[in-house]
Amino acid sequence: MTTTVQVKRNALGETRLVDHADAPLGDGEVRLKVESFSVTANNVTYAVAGDAFGYWNFFPGEGDWGVVPMWGHAVVTESRHPEIAVGERVYGYLPMADSLDVLPIGVSAGGFTDAAAHRQPMSPIYNQYSRLAADPEHDPAREGERMIFGPLFKTGFLIESFMRREGWFGAEAVVLTSASSKTAMGLASVARHRSPQIKRIGLTSPGNVDFVKRSGFYDTVIAYDDLGNLLPISSVLVDFAGNAKLMHAVHSALGEALHYSCTVGATHVGAGFGQDNGPLPGPAPVLFFAPDHAVAAIKELGPKAFGEAVGESWLRFIAEVGGALTIAERNGLDAARQAYLATLAGRADPSVGIVIRP
């Protein structure tokens, strides 16, 4: 029996728990028991952009109901694949559920890819699983941090790499909305060390200002209702909020000083994501889709050099963020559902990272 949290695709605040009987495994298939996953604003972005980017397709639901993807750890409980043994552990893309069947191909010591037919149209980055016994990024003492920050950090790393390759579009500063978000902190950390000449300006809600300042990742922190303090120095904007009204306000405040604008996530659900708030001053925002940039970066650097560069920055970030975040473990899929709803509603405490053990 598998229990899954399902979300109504056209009403993201409606959820339900559904039980399904497990079908027998086919040849080459493997059954994973979900051990743990994190719930972050990134998962809310998967739900908000689920139809536009195919996120609902990874773990199909029923009719109007879908399953939000998570990042986490799982253990093999049944295997009909000769190279994968019962008991071994993996890390990767998982449903908000307590088990998942996969069809591994390209099996190596380090991992495999799920060849399930319904997953193939989407980016291959999301179909790859790491085998923890030979995973250089795995640290048993840091599994919580990896689930909470790992995929988000890599997005921040890729944004910095892209901006640096483009000479930061001639800008002196990077402005980040939703500065308390984990992806924003990852980007700010990487930029501080790899592009130290770029000033980092974090924008956040008034209630998160103290937390963002304590994180130490930003040169300047400004509350959304104090945008008059955002000086029009030459800047690039990286938007994680998906709030059209805020985007318009930031573009207006920076004016001609804004050299480039990109949007990455949507942490402010129901705050104008995708809506038209009138003509937007300055450059038109460009969507930053991390999987495409990851494929390009790996092709440019080679898998080994790319992995080493990410690993070096990741270890530095984890050391820096340690004092800014408390990890809270919660048990059961109802706890996962509640954590998702709190994050969706903007009630989640950015200083607490939620790890669910189904």
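A word on the overall build of the chain
- When helices and strands are counted, the chain shows nine helices and 18 strands.
- The C-alpha atoms of the chain give 20 Å as radius of gyration, which agrees with the globular expectation for 358 residues (21 Å, within 12%).
- Expressed as lengths along the three principal axes of its C-alpha atoms, the size of the chain is roughly 60 × 45 × 35 Å.
- Sorting the 358 residues of the chain into buried and exposed places 56% on the buried side.
- A separation of at least 24 residues holds for 72% of the contacts in the chain among residues at least 6 apart in sequence.
- Accessible area for the chain stands at about 14,800 Å²; split by element, carbon and sulfur atoms hold 52% of it.
- With 29 positive and 38 negative side-chain charges, the chain shows a separation of 3 Å between the mean positions of the two kinds.

Let's talk about the layout of surface pockets
- The computed volume of the second largest pocket comes to approximately 540 Å³.
- Lining the second largest pocket are 27 residues; nearest its centre among them are Thr2, Pro60, Ser99, Leu100 and Asp101.
- Sorting the residues of the lining of the second largest pocket by element identifies strand S1 (2–8) and strand S7 (99–102) as the ones contributing at least two each.
- For the lining of the second largest pocket, the leading source of residues is S7, giving four residues.

Describing the sheet that holds S1
- Strand order across the open sheet formed by three strands is S2-S1-S4, with antiparallel pairing between neighbours. Since the sheet does not close on itself, it has two edges, and those belong to strand S2 (11–20) and strand S4 (65–66), each with one partner.
- The pairing of S1 with S2 spans seven bridges and is classified as antiparallel. If you follow Thr2 over to S2, its bridge partner there is His20.
- Sitting on the sheet, helix H9 (residues 333–344) is in contact with S1 and S2, with an inclination near 170° to S2.

Some thoughts on unusual backbone geometry
- In this model, Trp168 sits at a positive phi of 55°, which is unusual for a non-glycine residue.
- Mapping Trp168 onto the fold places it in the loop between helix H3 (143–165) and strand S11 (173–176).
- Although it is not a glycine, Ser178 adopts a positive phi angle of roughly 50°.
- With respect to the helices, strands and loops of the structure, Ser178 is situated in the loop between S11 and helix H4 (182–194).
- Since its relative accessible area comes to 7%, Ser178 is described here as buried.

Section: the pairing of S1
- By the criterion of burial, S1 is predominantly enclosed, with six of the seven residues buried.
- Here S1 hands over to S2 after two residues, the two strands then running antiparallel side by side.
- Looking at chain direction, S1 and S4 are connected through two bridges and run antiparallel. Bridging across to S4, Val7 finds its partner in Gly66.

A short note on the packing of aromatic side chains
- In total, this model carries 25 aromatic pairs according to the counting rule given.
- Residues Phe162 and Phe288 carry aromatic rings whose centres are separated by 6.0 Å and whose planes lie at 55° to one another, so their mutual orientation is tilted. Here Phe162, found in helix H3, pairs with Phe288, found in the loop between strand S16 (286–287) and helix H7 (290–301); they are 126 residues apart in sequence, far enough to count as distant.
- The rings of Tyr46, Phe53, Tyr55, Phe58, Phe59, Trp71, Tyr91, Tyr93, Tyr126 and Phe289 are connected pair by pair, giving a single aromatic cluster.

Section: the environment of Asn10
- Along the chain, the position of Asn10 falls in the loop between S1 and S2.
- Each C-alpha atom of the pair Asn10 and Val48 lies 9.3 Å from the other, and the pair is 38 residues apart in sequence.

Side note on the environment of Tyr260
- Mapped onto the secondary structure, Tyr260 falls in strand S15 (residues 258–263).
- Owing to a relative accessible area of 14%, Tyr260 belongs among the buried residues under this scheme.
- Spatially, the C-alpha atoms of Tyr260 and Phe169 are 6.8 Å apart, while their sequence positions differ by 91 residues.
- Not counting chain neighbours up to four residues away, the residues in contact with Tyr260 comprise Phe162, Met163, Phe169, Ser235, Val236, Leu237, Pro283 and Val286.

Conventions and cut-offs
- Residues numbered from 1 in each chain as written.
- Predicted model: local features only at pLDDT ≥ 70, side-chain atom pairs only at ≥ 80, totals over all residues.
- Heavy atoms only, no water.
- Helix = DSSP H or I, 4+ residues; strand = E, 2+ residues; numbered from the N terminus.
- Rg over C-alpha atoms; globule rule 2.2 N^0.38 Å.
- Buried < 20%, exposed > 50% of the residue type's maximum accessible area, 1.4 Å probe, protein only.
- Contact = heavy atoms within 4.5 Å.
- Areas by Shrake-Rupley, 256 points an atom, 1.4 Å probe, with all protein chains shown as cover.
- Lys, Arg positive; Asp, Glu negative; His and termini not counted.
- Charge placed at Lys NZ, Arg CZ, Asp CG, Glu CD.
- 1 Å grid on protein atoms, 1.4 Å probe; cavity = no way out; pocket = protein on both sides within 12 Å on 5 of 7 lines; lining within 4 Å.
- Points joined across faces, edges and corners; volume = space filled by probe spheres on them.
- Pairing = 2+ DSSP bridges.
- Axes fitted to C-alpha atoms, helices over the stretch in contact; angles between N-to-C directions.
- Phe/Tyr/Trp six-rings, centres within 6.5 Å; stacked < 30°, edge-to-face > 60°.

Function-wise, these values are silent; they only describe arrangement.
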